[in-house]
Amino acid sequence: MTKIKEVMTHNPITSQIPGSRVDVIKLMVTHNLTGIPIVKKDGGELVGMITRNDIFTKPDEDQLAIIMKKNPETLSPEDSVDYAAAKILETNTTHIPIVEDKQLVGILTPTDLLHEVEKRDGSYNVEDVAISPCVPIFQDSPLRVALATFRASNVNALPALDENGRLSGILTDRDIFNKSLINGSSTITAMGIASDEDEWSWEGLKGVMKMWFEISKVELPSVPVRDIMISRPTTVFSKTAVVEAARIMRRNDFGQLPVVDSKDVLVGMLYDTDIISVLVG
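The structure reproduced in this document is the subject of the present report. From a predicted model like this one, the values you see are computed outputs, not experimental measurements.

What follows deals with the sheet that holds strand E5 (residues 69-70). Here four strands make up an open sheet; going across it, the order is E2-E3-E4-E5 and the pairing mixed. Since the sheet does not close on itself, it has two edges, and those belong to strand E2 (15-17) and E5, each with one partner.

Now for the environment of Val 280. Relative to the helices and strands, Val 280 resides in the segment after helix H12 (272-275). Distance from Val 280 to Val 81, taken between C-alpha atoms, is 9.2 Å for residues 199 residues apart in sequence. With residues up to four places along the chain from it excluded, the contact list for Val 280 reads Asp 82, Ala 85, Ala 86 and Leu 89.

A few words now on the side chain of Ser 80. Of note, Ser 80 is situated in the loop between E5 and helix H4 (81-91). Not counting the four nearest positions on each side in its chain, Ser 80 is found in contact with Met 1, Thr 2, Lys 3 and Ile 4.

Let us look at helix H7 (residues 143-153). Taken residue by residue, H7 has Leu 143, Ala 146, Leu 147, Thr 149 and Phe 150 as its buried positions. Buried positions in H7, seen along its axis, are confined to an arc of 160° and lie on one side of it. Following H7 by one or two positions, Asn 154 adopts a phi angle in the positive range, close to 60°.

Attention shifts here to unusual backbone geometry. With an omega dihedral of 0°, the bond running from Ile 17 to Pro 18 counts as a cis peptide bond. Along the chain, the position of Pro 18 falls in the loop between E2 and helix H1 (21-31). Residues other than glycine seldom take positive phi values, yet Asp 101 does so here, at roughly 55°. Turning to its location among the elements, Asp 101 is positioned in the loop between strand E6 (96-100) and strand E7 (103-108). The residue Asp 264 is not glycine, and still its phi comes out positive at about 65°.

Another aspect to go through is the pairing of strand E9 (residues 157-161). If a strand is regular, its side chains alternate between the two faces of the sheet. Among the five residues that make up E9, five are buried, leaving the element largely enclosed by the rest of the structure. Residues Ala 157, Pro 159 and Leu 161 of E9 are buried on one face, and the alternating residues Leu 158 and Ala 160, pointing to the opposite face, are buried as well. Bridge count between E9 and strand E10 (residues 167-172): five bridges; the pairing is antiparallel. Bridging across to E10, Leu 161 finds its partner in Leu 167. If you look at the hairpin formed by E9 and E10, you'll find five residues sitting between the two strands, and Gly 165 has a positive phi there, around 80°.

Basis of the calculations
Residues numbered from 1 in each chain as written. Predicted model: local features only at pLDDT ≥ 70, side-chain atom pairs only at ≥ 80, totals over all residues. Heavy atoms only, no water. Pairing = 2+ DSSP bridges. Helix = DSSP H or I, 4+ residues; strand = E, 2+ residues; numbered from the N terminus. Contact = heavy atoms within 4.5 Å. Buried < 20%, exposed > 50% of the residue type's maximum accessible area, 1.4 Å probe, protein only. Arc of directions from axis to C-beta.

Everything listed here is a matter of coordinates, which is why it stays silent on function.
Structure, rendered in structure tokens:
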């Protein structure tokens, strides 16, 4: 049976305590990360885990020791990938530090497990595992409605429907953020990095920020969803084998796929966490 050490990211980027939110944001931007383990400055012992959601859940805090999740769930490099999948689903987390002899040696995410799913026998179809919320939105809805829907439903993607109820596109929180008219300087100031003159600061931040960090700093253009969404998105059928869906996600770096039936009618959304559920039966 495959062990975690065979699929995990080895020697992950870390941040240290004492440290600040700015330290972590810079690492996330520079290395295109969404989560970073926190270790002690002396000795490198794991003490916490921080994700971009943690940063924006506590926007007024600066110290990592306050923002981070203390004593996070960990796994051993000798644990099986099946056990890891079960732990991800049980704890509803997408970043699990891998520890050996109290030292951080790696980190595991659902993406790391997709290839393992591809190696299985393929007895599961998408309809067997597509259990995440599916929240459609009308393609002519204003972007402000889409923003409110994201916030209320706690999902990262909205399938868009046309006037006939057919799937016409998909909208992610990143799509809205990248198309929004952002007051960059005020947001950077609010995040405590106003003195940072690096050219990547604002463009990079768009890759790690939740676009609803503070709505007062986001001015949405007066356009409908259809002007921003990705048209004709890649889809999978209800009867598509999970191993094929995993392959599509991994090769295209997708975190989710709309699910349609034989008549191309939207019936659900498939996320990477749904896919890895096959590893635990």
